[in-house]
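Coordinate analysis (summary)
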Amino acid sequence: MDQTERQIIDDLFAKLRQAEAQSGPRDPQAEAYIRDLVARNPAAPYIMAQSIVMMEQGLAALQGRVEELERQQRERPAASGG
């Protein structure tokens, strides 16, 4: 793992801490169920973290594309109706 990858993981966990601070009370049954599933699938946190990072990168790329298309739309001369 290089420094960039470490920073991406640190950023993910900072967002998780922020979400936890802003969330309401957790559902004890759901929390116990998730804890049980993680105990049976020890690689789950690693795979979930990778998935979240990949989804965030995909969303960022899509947002960039949307902004580019919106910019192009604003710059395009208005077609005259006829």
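See the structure shown above.
Anyway, here's the lowdown on the structure attached to this text. This is a predicted model, so every value here is computed, not measured. (Residues numbered from 1 in each chain as written. Predicted model: local features only at pLDDT ≥ 70, side-chain atom pairs only at ≥ 80, totals over all residues. Heavy atoms only, no water.)

1. Some points on a nonpolar patch on the surface
Put simply, the test is: Patch construction takes residues with relative accessible area above 30% that form no salt bridge. Like charges are linked within 9 Å, and nonpolar side chains (Val, Leu, Ile, Met, Phe, Trp, Tyr) are linked within 5 Å. Note on areas: these come from Shrake-Rupley sampling with a 1.4 Å probe, and a residue is covered only by the protein chains present in the view. Salt bridges are defined as contacts in which a side-chain nitrogen from Lys or Arg sits within 4 Å of a carboxyl oxygen from Asp or Glu. Helix and strand labels come from DSSP, where a helix needs a run of H or I of at least four residues and a strand needs a run of E of at least two; each type is numbered from the N terminus.
Taken together, the side chains of M1, I9, F13 and L16 make up a nonpolar region of the molecular surface, amounting to roughly 400 Å² of accessible area. Turning to its location among the elements, L16 is positioned in helix α1 (residues 3-22).

2. Section: helix α2 (residues 28-40)
So the rule is basically this: Expected span of a helix: the number of residues minus one, times 1.5 Å. Polar contact criterion, stated in full: a pair of N or O atoms within 3.5 Å, where within protein one must be able to donate a hydrogen and the other to accept it, and residues adjacent in sequence count only if both atoms are side-chain atoms.
The end-to-end C-alpha separation of α2 is 18 Å, in line with the 18 Å expected for 13 residues at 1.5 Å each. Capping of α2 at its N-terminal end is provided by D27; its side-chain oxygen lies 2.9 Å from the backbone amide nitrogen of Q29.

3. Considering the pattern of salt bridges
A complete count under the given rule lists six salt bridges for this structure. A salt bridge links K15 to E56, with the nearest nitrogen and oxygen atoms 3.2 Å apart. Of this pair, K15 sits in helix α1 while E56 sits in helix α3 (residues 44-75), and the two are 41 residues apart along the sequence. Across the salt bridge formed by R26 and E20, the nearest N and O atoms sit 3.6 Å from each other.

So, to be careful, I would describe these as geometric facts and stop short of saying anything about function.
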